[in-house]
Every structure is written in C-alpha cells, then in structure tokens.
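As a plain string of letters, each chain reads:
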Amino acid sequence: VGTVVVKESNWYQFLPPIDAQKALEMVYAVSEKLRTCGVLLPKAFTQINGLFVYSDNNTFFVLQEHLQGEPFSHTNVQIEFLGKTLAQFHKVGKELLMQESDLLSRIVRTVQTEKSYEDSRSLYETIIHPALLSDHNCLLSEVCSSVKADIDFIEMCMARVDEANLTSFQFTQTILHNDLNTRNILFSEDLSFGKVIDVDQLGVGSCVLDIANTLNSFMWKFAEENPTCIEEKTMLYLRGYHSVNPL
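Computed from a prediction, not measured in an experiment: that's the story for all the values here. (Residues numbered from 1 in each chain as written. Predicted model: local features only at pLDDT ≥ 70, side-chain atom pairs only at ≥ 80, totals over all residues. Heavy atoms only, no water.)

(A) Focus on the nonpolar core. Grouped together as the largest cluster of nonpolar side chains are 47 residues, with contacts concentrated most on Tyr 12, Tyr 28, Val 30, Leu 34, Ile 175 and Leu 202. Looking at this core, the elements with two or more residues in it are α1 (17-36), β3 (59-65), α2 (76-99), α3 (103-110), β5 (185-187), α8 (207-225) and α9 (230-244). Per-element accounting of this core gives the leading share, 9 residues, to α2. Listed in part, the 5 residues of the second largest apolar core include Leu 132, Cys 144, Ile 151 and Met 158. (Core = buried A, V, L, I, M, F, W, Y, C linked by side-chain atoms within 4.5 Å. Buried < 20%, exposed > 50% of the residue type's maximum accessible area, 1.4 Å probe, protein only. Helix = DSSP H or I, 4+ residues; strand = E, 2+ residues; numbered from the N terminus.)

Next up, the structure:
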C-alpha cells in the first residue's frame, strides 16, 4: 500500500451523524470514480465492511494514499497548469454524469454542500441584500463594510452572469471540487501534472462556478502584492483550462 494518510473530516458536522456519513461515503465513491478515469486524486481505501468512512464518536475519518508533490508557488507555469488540472476534473466529471444517468440525482440527494446559483441568487435578493443595507451589529464589520462599498459592482457582475446564462446546466453541468485552493493542489517537480486533494466539499453544478471560486482562491495574493499582474495571471489560468475543457 505504501504511505497512507488518515484524513479527518469535519465538513458535514451541521448534518445528523448518519446523514454526514452518507454524504462522505458518496463523496469518496465519486472521488474513486474520478480517479480511476484519470483525475489525479489520492486513492481512498475501503474498510473490511466495504465503507470508506470510519466513524468514532461522530468524528469521521478516511484512509487515503499519501501524495507527494510541490506546493503551489504562484509561478506562471503553475497557474496555467492549475487551469488544466481543474479542467480535467470537470471534463471527467461531465463524462461520468453522462455515463451514469442517476449519478447526478444521487449526489444532489446525498451530498449537501453549497446551494445552487439559482437558490443563492434568490436568497441574496430576499434576505442577504436587505440585511446588508439595514443597520445591524456585524461580527465581521470590516468584511461587511467592504461588501457594502462594492455592492454596485457585485450586482453588476451578477446581472452579467444572468444575461449570459453562464450557469446553464445544459452546457456546463459537471462534478465540482468546490474547494480548490492553494492548499489543495500539489505539483510534480517537473510540472508535468497537478494532483488534487481534499474533495470533502465535492458536488455538482456549473463548471463556471468552480472556475470562478478557484480563481478567487488563488488570486488574492496577487491582488495584495501586485494588482497589475492579475489580468495576465487570469488569462494564463483560463487559457490552461480552455486547452483541456473548452469553454
């Protein structure tokens, strides 16, 4: 077997324990499907009972292969390869959904992660927007003030997403990683491939949402240190993605 990692997962603690374990079982079953179809993910091992997830006092653990690799260091080559790695994840995910007609419904039913764009959009209009603009005591006052200051720009971007129909499942539905950040990807020394880890938030939806979420996770450092390079880095990332899974 080689070196292994015992991964603890706390992501589904908001669910009843039996539902949390079912969600993680589905996540790692899908992860194994992706891995056997070519996505570079760590192998998840099953126990004697055939399950991936071990529960101890409502804490969940999964035994996984240990992957070696270089951490993300914000080089141009890595940024372009980041796009290629996410594109491969989405490409294989879309193929799996097409091959297994009930896989999408089983993931949606079992894995309760982030709400769909449509649901989130409705929540923003009816709850979040009015609450933001009202007088209230906020635990994250700096974040709240920043969002308020940019609210016109945020809503303009939302309107453009709506107009372009970018979240249409007809064109973009796939399996999403939902948490691809600087800590969740490793690169080979020669940058011939990237390895994705930590799929606990895996779900289904529009690849556009995963592309944007990943870009945001990786670009904050550039925004702080050298804002003038953001456009260049973004194009490298998107060009890498498009070369594997054309948008």
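Moving on from the model shown.
(B) Structural view of the packing of α2 against α8. The interhelical angle for the contact between α2 and α8, taken along N-to-C directions, is 155 degrees, at an axis separation of 11 Å. The angle between α2 and α8 places the two elements in the roughly antiparallel class. Once α2 is placed against α8, the crossing between them reads as right-handed. In this structure, α2 uses Ile 79, Leu 82, Leu 86 and His 90 to contact α8, whose residues at the interface are Cys 207, Asp 210, Ile 211, Thr 214, Phe 218, Met 219 and Phe 222. Broken down by class, the residue content of the contact of α2 with α8 amounts to 8 nonpolar, 2 polar and 1 charged. (Axes fitted to C-alpha atoms, helices over the stretch in contact; angles between N-to-C directions. Parallel < 35°, antiparallel > 145°, perpendicular 65-115°, else oblique. Left-handed = near helix turned anticlockwise from the far one by under 90°. Contact = heavy atoms within 4.5 Å. Nonpolar A, V, L, I, M, F, W, Y, C, P; charged D, E, K, R; others polar.)

(C) Structural detail: the sheet that holds β3. Taken together, 3 strands build an open sheet; the order of strands is β1-β3-β2 and the sheet is antiparallel. Either end of the sheet is taken by a strand with one partner, and the two such strands are β1 (4-9) and β2 (53-56). Each strand axis lies, on average, 30 degrees off the axis of its neighbour in the sheet, ignoring direction. Where β2 meets β3, 4 bridges bridge the pair, whose relative direction is antiparallel. (Pairing = 2+ DSSP bridges.)

(D) Main features of the packing of aromatic side chains. Counted by the stated rule, this structure contains 2 aromatic pairs. Aromatic side chains Phe 72 and Phe 187 sit 6.0 Å apart centroid to centroid with 35 degrees between the ring planes, which places their arrangement in the tilted category. Of the two residues, Phe 72 sits in the loop between β3 and α2 while Phe 187 sits in strand β5, which places them 115 residues apart along the sequence. When the centroid spacing of 4.6 Å and the interplanar angle of 85 degrees are considered together, the rings of Phe 72 and Phe 218 count as edge-to-face. Separated by 146 residues along the polypeptide, Phe 72 in the loop between β3 and α2 and Phe 218 in helix α8 bring together distant segments of the chain. Under the relative-accessibility criterion, Phe 218 is labelled buried at 2%. Here the aromatic residues Phe 72, Phe 187 and Phe 218 are joined through ring pairs into a cluster of three or more. (Phe/Tyr/Trp six-rings, centres within 6.5 Å; stacked < 30°, edge-to-face > 60°.)

(E) Here's a closer look at the state of the cysteines. Taken as a whole and assessed by the stated rule, the structure comprises 0 disulfides. Sulfur of Cys 157: no disulfide; nearest cysteine sulfur belongs to Cys 207 and is 18 Å away. A residue is classified by how much of its surface remains accessible, and Cys 157, at 31% relative accessible area, is partly exposed. Relative accessible area serves as the criterion here: at 7%, Cys 207 is assigned to the buried category. (Disulfide = S-S within 2.5 Å.)

(F) Just the side chain of Lys 7, in detail. With respect to the element layout, Lys 7 can be found in strand β1. For Lys 7, a relative accessible area of 17% gives the class buried. There is a polar contact of 3.4 Å between the side chain of Lys 7 and the side chain of Asp 198. Those residues in contact with Lys 7, other than ones at most four positions away along the chain, are Tyr 28, Phe 60, Phe 61, Val 62, Gln 64, Asp 198 and Asp 200. (Polar contact = N/O pair within 3.5 Å; in protein donor to acceptor, adjacent residues only side chain to side chain.)

(G) Spotlight on unusual backbone geometry. For Asn 57, which is not glycine, the phi dihedral falls at a positive 55 degrees. With phi around 70 degrees, His 74 is a residue other than glycine that occupies positive phi space. As for its position among the elements, His 74 is in the loop between β3 and α2. Classification of His 74 by relative accessible area gives buried; the value is 15%.

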